[in-house]
Amino acid sequence: MDLVDIVAAIRNVATRLDGVPRELHVQAKEYASAERDYRIALRQEMLKLRSEGFPATLIADIARGNVAELKFKRDLAESLFKSASESSKALQAELSGLQSIYRRQDEV
């Protein structure tokens, strides 16, 4: 790998890193919205079941089962947020490695 290729790779990774904060913001917002929607639906479902006279020991389990789709969406949003965060760390590590190679090549 010559210096021109290394510089091009560094620029490529740096460009990809520029979009990371926006992506993290989008993913964090989607995760927070999904969490809010799930908790609101769970609360409403629990209140509905309580008013229908279900035993208190069963309400939480039944309610969670009834809003399982929202929990799935919440968990998926959380995973996507964590994935975006890990992707950012991987890009930073790649950039650091390329910079180290560049310094070594420059010394030669």
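Note that the structure is predicted; figures quoted are calculated from it, not measured. (Residues numbered from 1 in each chain as written. Predicted model: local features only at pLDDT ≥ 70, side-chain atom pairs only at ≥ 80, totals over all residues. Heavy atoms only, no water.)

Peer 1: For the nonpolar core, give the residues involved together with the corresponding values.
Peer 2: Among the nonpolar cores identified, the biggest contains nine residues, and these are Ile6, Ala9, Ile10, Val13, Leu17, Val20, Leu91, Leu95 and Leu98. Secondary structure elements with two or more residues in this core: α1 (3–18) and α4 (68–107). Sort the elements by how many residues they give to this core and α1 lands first, with five residues. The contacts of Leu98, once residues within four sequence positions are left out, are Ile6, Ala9, Ile10 and Val13. Ala41, Ile59, Ala63 and Val67 belong to the second largest nonpolar core, which has seven residues in total. (Core = buried A, V, L, I, M, F, W, Y, C linked by side-chain atoms within 4.5 Å. Buried < 20%, exposed > 50% of the residue type's maximum accessible area, 1.4 Å probe, protein only. Helix = DSSP H or I, 4+ residues; strand = E, 2+ residues; numbered from the N terminus. Contact = heavy atoms within 4.5 Å.)

Peer 1: How would you explain the pattern of salt bridges if you had to name every residue and give the values?
Peer 2: Opposite charge on two side chains makes pairing possible when the charged atoms of those side chains draw close. Enumeration according to the criterion identifies seven salt bridges in this entry. Close ionic contact of Glu78 with Lys82 constitutes a salt bridge, the shortest N to O distance being 3.2 Å. In this pair, Glu78 and Lys82 are both assigned in helix α4, four residues apart and thus about one turn of the helix distant. The partly exposed category is assigned to Lys82, whose relative accessible area is 49%. One salt bridge connects Lys89 with Glu86, and the closest N-O pair in it is separated by 3.5 Å. You can see Lys89 and its partner Glu86 sitting in helix α4, three residues apart, about one turn around the helix. Note on Lys89: relative accessible area 46%, which makes it partly exposed. Each of the salt bridges in this network shares a partner with another, and the network as a whole consists of Glu35, Arg39, Arg74 and Asp75. (Salt bridge = Lys/Arg side-chain N within 4 Å of Asp/Glu carboxyl O.)

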